[in-house]
Amino acid sequence: MNSKLKRAAVGGVSIASLMLAGAAPAAPGTLAGSTINNTASVGYSIGGVAQPTVNSTTASFVVDRKVNVTVAEVGGTATFTSYGQKDQVTTFTVTNNTNSVQDFRLFGVDSVLGTTTTLNHTDSTGVTNIRVFVDSNGNGQYDAGVDTATYIDELAPDQTKTVFIVADLPASGPAGGVAGVILTAVTASGGASGTLGADVTASLVDDVNAVDTVFGDAAGWADAYRDARHSAQDEYDVYGTSALAVKTATLISDPLNGLVAPKAIPGAVMEYCIAVKNIGVQAITGVTVTDNIPANTTYVPGSTHVGGTVLLGVCQGDGVGAADGSVYNGTAVTATIPTIAPNDVVTARFRVTIN
Amino acid sequence: MKTLLSGLFLGAACAVLPLAAHAGLKTEVFVETSVVGADGVARTTRAPAARAVPGDQILYVLTFRNEAAKPAEGVTITNPVPQGLTFAGSGDEAAPLVSVDGRTFGPLDRLTVRKADGSSAPAAAGDVTQIRWTLPQAVPAGGEASFTFRATLK
């Protein structure tokens, strides 16, 4: 996420706590290339006479390189943006869990439309001009023109770098658009400062006296187990018009037929239901619904209910009754829905009598 | 004459002074890998330590050989835990004694370590710095005795 644009999203809280629950990776351990020697000594007696201590032969081996890298999304929330925005930033970390200094080749790709993102949204739009930059000064913020490195150079074991995907949003797209992006870090050979080494390859033959390369990384968002690479996903969420209101009118009763198949005749009671759906990705709050009382009708006192539900497209007779003094001004009903979670539908309804 | 005297002197010396290197101690290192077979049973395979990465289990085998013409008594083998390894127990029936300070040897569950704040805590396998085996019986002339221990590569 981009913390500059972070908003207090009610829906984001539980996701954030889930993202932080992962176990910390084990420390990379003994440096590759270290020689481990073992020697023992023995004391003994022959015929009751203590003999000189005998030192053993030395058993040695060289510690091999266990390639392991972790890419993680930072923050557990999306970057909130809007269509047409350029240079929008998502943030990741890349950690070298290898027991040696490595370079890391980096690339970012747009997620496939229709796939479910790591934040459990459906990818519905894309981003273009995807670039990847390494945080040069460790401030965790993308600084254009300052953070220019496109690969990680000489990262020591157990060290982490912040990496940004910078991309442009399309000019337009679906309401509440979601664009997933994936960062992949590929382990490359370290050793030469200032240049990106070649991608590491696993040793085919093990040599007791040489540093062999063994892949020990986990599977990431878009890569396999033990492939010397790891990936994670983040997303851009288009923040904008995110509520959809549908008004329905239902006859409740008339003076002749009562509740059974009522007709719109004078004296009939009509219920208006305004169902508001949150089609965005964040909870929306303080939604105000205003509806004029139609001509030739009379507001039914005490009939306004807020916070009801819709079942199979039909407004239910639920919700909390509102005091007329706060919602009815003689010509219109104004109801306030406190909060609507993403994808939820909440209703406000009132009744009138046909004059 | 002079040569003969030297020879006699040497012979006399042999009778009272310890004999030089009438025993050998060999160490070998292996990497152990546990593989679960098709029948669901885990088997541990032992390979030369050509491929060893952090987290691997290393097996050391020490072999004492008595090259003297008489039995060797009181055979005591001391093995410092190599740098970069954490002691992970012995495969021997007669478990070796261990030390966390190089002075006091005992079973691991009887040893304590002093923490930074001055209090003492039960010693863990990672605290072991030395391993010591003492053979209760003599090793006959030309005989061998083997000892093993395991350690995890940090």
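Residues numbered from 1 in each chain as written. Chains lettered and ligands numbered in written order. Predicted model: local features only at pLDDT ≥ 70, side-chain atom pairs only at ≥ 80, totals over all residues. Heavy atoms only, no water.

Enquirer: Could you clarify how one ought to interpret the state of the cysteines in this entry?
Expert: Covalently bonding the sulfur atom of one cysteine to the sulfur atom of another cysteine gives a disulfide. All names here are of chain A. Taken as a whole and judged by the stated rule, the model has 1 disulfide over all chains. Disulfide pairing is shown between C273 and C315; the S-S distance is 1.8 Å. Taking the sign of the S-S torsion, -75° for the link of C273 and C315, the bridge is left-handed. Separated by 42 residues along the polypeptide, C273 in strand β18 (residues 269–278) and C315 in strand β23 (residues 314–315) bring together distant segments of the chain. As far as the burial class goes, C273 and C315 line up, both buried. (Disulfide = S-S within 2.5 Å. Helix = DSSP H or I, 4+ residues; strand = E, 2+ residues; numbered from the N terminus. Buried < 20%, exposed > 50% of the residue type's maximum accessible area, 1.4 Å probe, protein only.)

Enquirer: Can you help me understand empty space enclosed by the protein in this one?
Expert: Empty space among the atoms becomes visible once a probe the size of a water molecule is rolled across them. Residues and elements named next belong to chain A. If you walk through the whole model with that rule in mind, you get 2 cavities of 30 Å³ or more. A volume near 40 Å³ is recorded for the second largest cavity. Taken together, I274, V289, D291, T304, V333, A335, A348, R349 and F350 form the lining of the second largest cavity. The set of elements that each furnish at least two residues to the lining of the second largest cavity consists of β19 (284–292), β25 (332–340) and β26 (345–354). When its residues are assigned to classes, the lining of the second largest cavity shows 6 nonpolar, 1 polar and 2 charged. (1 Å grid on protein atoms, 1.4 Å probe; cavity = no way out; pocket = protein on both sides within 12 Å on 5 of 7 lines; lining within 4 Å. Points joined across faces, edges and corners; volume = space filled by probe spheres on them. Nonpolar A, V, L, I, M, F, W, Y, C, P; charged D, E, K, R; others polar.)

Enquirer: When you look at the pairing of strand β10 (residues 144–153) of chain B in this model, what are you seeing that I'm missing?
Expert: A regular strand places its side chains so that they alternate between the two faces of the sheet. Residue and element names in this part refer to chain B. For strand β3 (residues 57–66) and β10, the ladder comprises 9 bridges, and the chain directions are antiparallel. Directly across from R65, in β10, lies its bridge partner E144. The pairing of strand β5 (residues 85–87) with β10 spans 3 bridges and is antiparallel. Looking at β10, one finds that L85 is bridged to L153. (Pairing = 2+ DSSP bridges.)

Enquirer: Looking at this structure, I do not really get the sheet that holds strand β14 (residues 178–189) of chain A. What am I missing?
Expert: Strand pairing in a sheet relies on backbone hydrogen bonds, with the paired strands running either antiparallel or parallel. All names here are of chain A. Ordered by their spatial adjacency, 5 strands build an open sheet running β8-β16-β14-β10-β12, and the pairing between neighbours is mixed. For this open sheet the edge positions go to β8 (79–81) and β12 (151–155), each flanked by a neighbour on one side alone. Direction aside, the axes of adjacent strands within the sheet are offset by 25° on average. Across 3 bridges, the pairing between strand β10 (residues 102–110) and β12 is antiparallel. Pairing of F104 across the sheet is with I152, part of β12. (Axes fitted to C-alpha atoms, helices over the stretch in contact; angles between N-to-C directions.)

Enquirer: Looking at this structure, how should I read the environment of T162 of chain A?
Expert: All names here are of chain A. You can see T162 is positioned in strand β13 (residues 160–168). A C-alpha to C-alpha distance of 5.8 Å links T162 and F92, two positions 70 residues apart in sequence. Setting aside its immediate chain neighbours within four residues, T162 contacts T91, F92, T93, F133, V134, D135 and G140. (Contact = heavy atoms within 4.5 Å.)

Enquirer: Quick question: what am I supposed to make of the interface of chain A and chain B here?
Expert: For an interface, size is often stated in terms of accessible area lost upon the parts coming together. Listed by partner, the interface residues are 40 residues for chain A and 42 residues for chain B. Here chain A and chain B share an interface that buries about 2,900 Å² over both sides, 58% of which is from carbon and sulfur atoms. Together, N38, Y44 and F61 of chain A form the three largest contributors to the area buried by chain A at its contact with chain B, with a combined 20%. In this assembly, chain A and chain B are joined by 1 salt bridge. A salt bridge links R51 of chain B to D206 of chain A; the shortest N-O distance between them is 3.0 Å. Taken together, the elements giving at least two residues each to the side of chain A that touches chain B come down to β1 (35–38), β2 (41–46), β3 (49–50), β4 (54–55), β5 (59–62) and β6 (65–67) of chain A. At 6 residues, β2 of chain A tops the list of elements feeding residues into the side of chain A that touches chain B. Its residues assigned to classes, the side of chain A that touches chain B comprises 16 nonpolar, 18 polar and 6 charged. Bridge count for β2 of chain A against strand β4 (residues 72–80) of chain B is 5 bridges, and the pairing is antiparallel. Along β4 of chain B, the bridge assignment pairs V42 of chain A with I77 of chain B. (Buried area = accessible area lost by both parts, 1.4 Å probe. Salt bridge = Lys/Arg side-chain N within 4 Å of Asp/Glu carboxyl O.)

Enquirer: What exactly am I supposed to notice about the pairing of strand β9 (residues 130–134) of chain B here?
Expert: Residue and element names in this part refer to chain B. Here β9 shows a clear split, with I131 and W133 buried on one side and none of Q130, R132 and T134 buried on the other. The sheet contact formed by β4 and β9 spans 5 bridges and is antiparallel. Note on β9: the bridge partner recorded for T76 is T134. Alignment of strand β6 (residues 97–99) against β9, held across 3 bridges, turns out to be antiparallel. Residue V98 lies in a different strand from β9, and its bridge partner there is I131.

Enquirer: Is there a simple way to think about the confidence of the model for chain A in this case?
Expert: Reading fine detail from the predicted coordinates is not recommended where pLDDT is low. Looking at chain A, pLDDT values average 87 and 91% of them are 70 or higher. Note on residues 1–25 of chain A: pLDDT under 50 across the span, and 34 contacts to partners over four residues away in sequence or across chains. (pLDDT = per-residue confidence, 0-100.)

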